[in-house]
Structures are given as C-alpha cells and as structure tokens.
Amino acid sequence: IRHREIGLRTAVSEISDRQSSFQEKFFLLSGFLANLLGAETAQIYLSTHEGDWLLLGGTSQDLTPKTQKIRIEKGVLSRCFVDQKPIILKESTDDKPENLEEVTSFVYYPIQLNKPLGVFVVEFSERCKLEEFLFTRDTVGMEIGRFIAAEIREQKMKQELASMNK
C-alpha cells in the first residue's frame with residue numbers, strides 16, 4: 001500500500017507538470033487513478049467558484065472531453081459534496097459466498113483541502129479492490145485535493161498574466 005501511495009504522489013506531480021490543458025490533465029489523472037486502484041471507472045467532479053454546480057473535470061471512460069455540469073441539489077453526488085462525507089453504494093446480493101467477491105460498488109468521496117473542492121467517484125467490480133481503496137482513501141483524496149488546488153492556482157495565474165498583457 002505504501003508503494004501505491006508513493007506511485008500516486010509521483011504520478012500526480014508528473015501530470016501536474018505536463019504542458020497539457022486543464023481538462024486533459026484531469027482526464028489523465030482519472031485514468032491513472034482507475035488503473036492504480038483497480039477500478040472500473042473513476043471521475044473527478046469540481047465545484048464551481050460559487051459552489052452551485054459540479055463540473056466533470058475528468059473521467060477514465062473513453063468520452064469526448066466536454067463540459068458536463070450538474071446542479072448541486074439532490075442526489076448522491078450533491079449530498080456527498082454538501083455533507084462532505086463519503087457515500088458507498090453496493091450492489092445487492094443474495095449473500096451467497098460465491099457472489100460476495102464480485103459486487104459492483106460506487107464510492108463518492110468528497111475532495112477538500114481548506115474548502116470543499118469536488119467529489120471523486122470510483123466504481124469497483126471486485127470487493128477486494130474496494131477494501132484496498134477504503135484503506136487508502138484519505139491519502140488518495142488528499143492528493144486529488146492538492147492536484148485540484150494547484151491546477152486552480154495555475155489557471156488563476158494564467159488569467160492574471162493574460163489580463164496584464166492586454
């Protein structure tokens with residue numbers, strides 16, 4: 001597990017240093033996280049400045065990059081963000097031992113540093129991968145939070161430089 005955490009920190013730093021667009025970096029990070037965690041899918045949703053919307057920052061799914069906005073009202077994603085508490089949804093099983101290892105689970109994990117930044121959503125199809133993630137979720141969340149904060153700072157600096165050059 002320690003090896004996974006070190007790999008995560010290294011990858012986050014490398015992705016952050018890339019000369020890629022804001023959205024490309026989030027797609028790269030989502031794909032890396034899905035692979036690292038053994039997840040089926042991973043998505044990172046970012047809060048808007050006003051806090052009324054969540055934007056899809058990146059996903060491990062092979063989607064065409066486009067802005068997807070979700071209004072913070074009801075639903076699991078919104079509740080996770082507003083309450084700042086993880087939510088785990090597990091597929092119902094008939095509790096037969098052969099069915100317990102391959103249970104689809106979704107984890108909604110709030111991302112924050114000094115303030116709420118977004119939500120990390122990850123889907124697992126194997127119980128052991130879910131349990132491994134739950135053991136390291138705070139480290140994963142903190143690294144995603146640092147990444148988001150750094151990217152937001154970089155975007156603000158670019159905007160300020162652009163406005164100064166006008």
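Residues numbered from 1 in each chain as written. Predicted model: local features only at pLDDT ≥ 70, side-chain atom pairs only at ≥ 80, totals over all residues. Heavy atoms only, no water.

**Remarks on the overall build of the chain**
- When helices and strands are tallied, the chain shows 5 helices and 6 strands.
- The secondary structure elements of the chain, listed N-terminal to C-terminal, are α-α-β-β-β-α-β-α-β-β-α.
- Here the C-alpha radius of gyration of the chain, 17 Å, is about what a compact globule of 166 residues would show, namely 15 Å.
- Viewed in the frame of its principal axes, the chain has a C-alpha envelope of about 65 × 35 × 30 Å.
- Each of the 166 residues in the chain was classed as buried or not, and the buried ones make up 39%.
- In the chain, the proportion of contacts linking residues at least 24 apart, taken out of those at least 6 apart, comes to 54%.
- For the chain, the exposed surface amounts to about 10000 Å²; the carbon and sulfur share of it is 49%.
- Each charge class in the chain was averaged separately, 22 positive and 25 negative side chains, and the resulting centres sit 7 Å apart. (Helix = DSSP H or I, 4+ residues; strand = E, 2+ residues; numbered from the N terminus. Rg over C-alpha atoms; globule rule 2.2 N^0.38 Å. Buried < 20%, exposed > 50% of the residue type's maximum accessible area, 1.4 Å probe, protein only. Contact = heavy atoms within 4.5 Å. Areas by Shrake-Rupley, 256 points an atom, 1.4 Å probe, with all protein chains shown as cover. Lys, Arg positive; Asp, Glu negative; His and termini not counted. Charge placed at Lys NZ, Arg CZ, Asp CG, Glu CD.)

**What to know about the pattern of salt bridges**
- Here the structure, examined in full by the defined rule, presents 6 salt bridges.
- The salt bridge involving Glu143 is made with Arg9; its shortest N-O contact spans 3.2 Å. Of this pair, Glu143 sits in helix 5 (residues 127-164) while Arg9 sits in helix 1 (residues 2-17); the two residues are 134 residues apart in sequence, bridging distant segments of the chain.
- The network of salt bridges with common partners includes Lys25, Glu151, Glu154 and Lys158. (Salt bridge = Lys/Arg side-chain N within 4 Å of Asp/Glu carboxyl O.)

**What to know about the packing of helix 2 (residues 22-37) against helix 5**
- Packing of helix 2 against helix 5 leaves a shortest axis separation of 11 Å and a crossing angle of 165 degrees. The angle between helix 2 and helix 5 falls in the class roughly antiparallel. Handedness of the crossing formed by helix 2 with helix 5: right-handed. Residues Phe22, Lys25, Phe26, Leu29, Leu33 and Leu37 of helix 2 touch helix 5, and the partners they reach there are Lys129, Phe133, Val140, Ile144, Phe147, Ile148, Glu151, Ile152, Glu154 and Gln155.
- Here the residues of the contact of helix 2 with helix 5 are counted per class, giving 11 nonpolar, 1 polar and 4 charged. (Axes fitted to C-alpha atoms, helices over the stretch in contact; angles between N-to-C directions. Parallel < 35°, antiparallel > 145°, perpendicular 65-115°, else oblique. Left-handed = near helix turned anticlockwise from the far one by under 90°. Nonpolar A, V, L, I, M, F, W, Y, C, P; charged D, E, K, R; others polar.)

**Things to note about the sheet that holds strand 3 (residues 69-71)**
- Across the sheet, which stays open at both edges, the 6 strands sit in the order 3-2-1-6-5-4 with antiparallel pairing between neighbours. Of all the strands in the sheet, just strand 3 and strand 4 (87-90) have a single pairing partner and so form its edges. Averaged over all adjacent pairs, the angle separating strand axes in this sheet is 25 degrees, with direction ignored.
- Sitting on the sheet, helix 3 (residues 76-83) is in contact with strand 1 (41-47), strand 2 (53-59), strand 3, strand 4, strand 5 (105-112) and strand 6 (116-124), with an inclination near 135 degrees to strand 6. (Pairing = 2+ DSSP bridges.)

**Examining helix 3**
- All of the buried residues in helix 3 are Leu77, Ser78, Cys80 and Phe81. Along the axis of helix 3, the buried positions cluster into a sector of 160 degrees, meaning they face one direction only.
- Tucked into the core, helix 3 has its buried residues touching strand 1, strand 2, strand 3, strand 4, strand 5 and strand 6.
- Looking one or two residues beyond helix 3, the residue adopting positive phi is Gln84, at roughly 55 degrees. (Arc of directions from axis to C-beta.)

**A word on the packing of helix 1 against helix 5**
- For the pair helix 1 and helix 5, the least separation of the axes is 10 Å and the interaxial angle reads 15 degrees. Our classification of the angle between helix 1 and helix 5 gives roughly parallel. Crossing of helix 1 against helix 5: the hand is right-handed. Every residue of helix 5 that contacts helix 1 at Arg4, Glu5, Leu8, Arg9, Val12, Ile15 and Ser16 is listed here: Glu132, Phe133, Thr136, Thr139, Val140, Glu143, Phe147, Ala150, Glu151 and Glu154.

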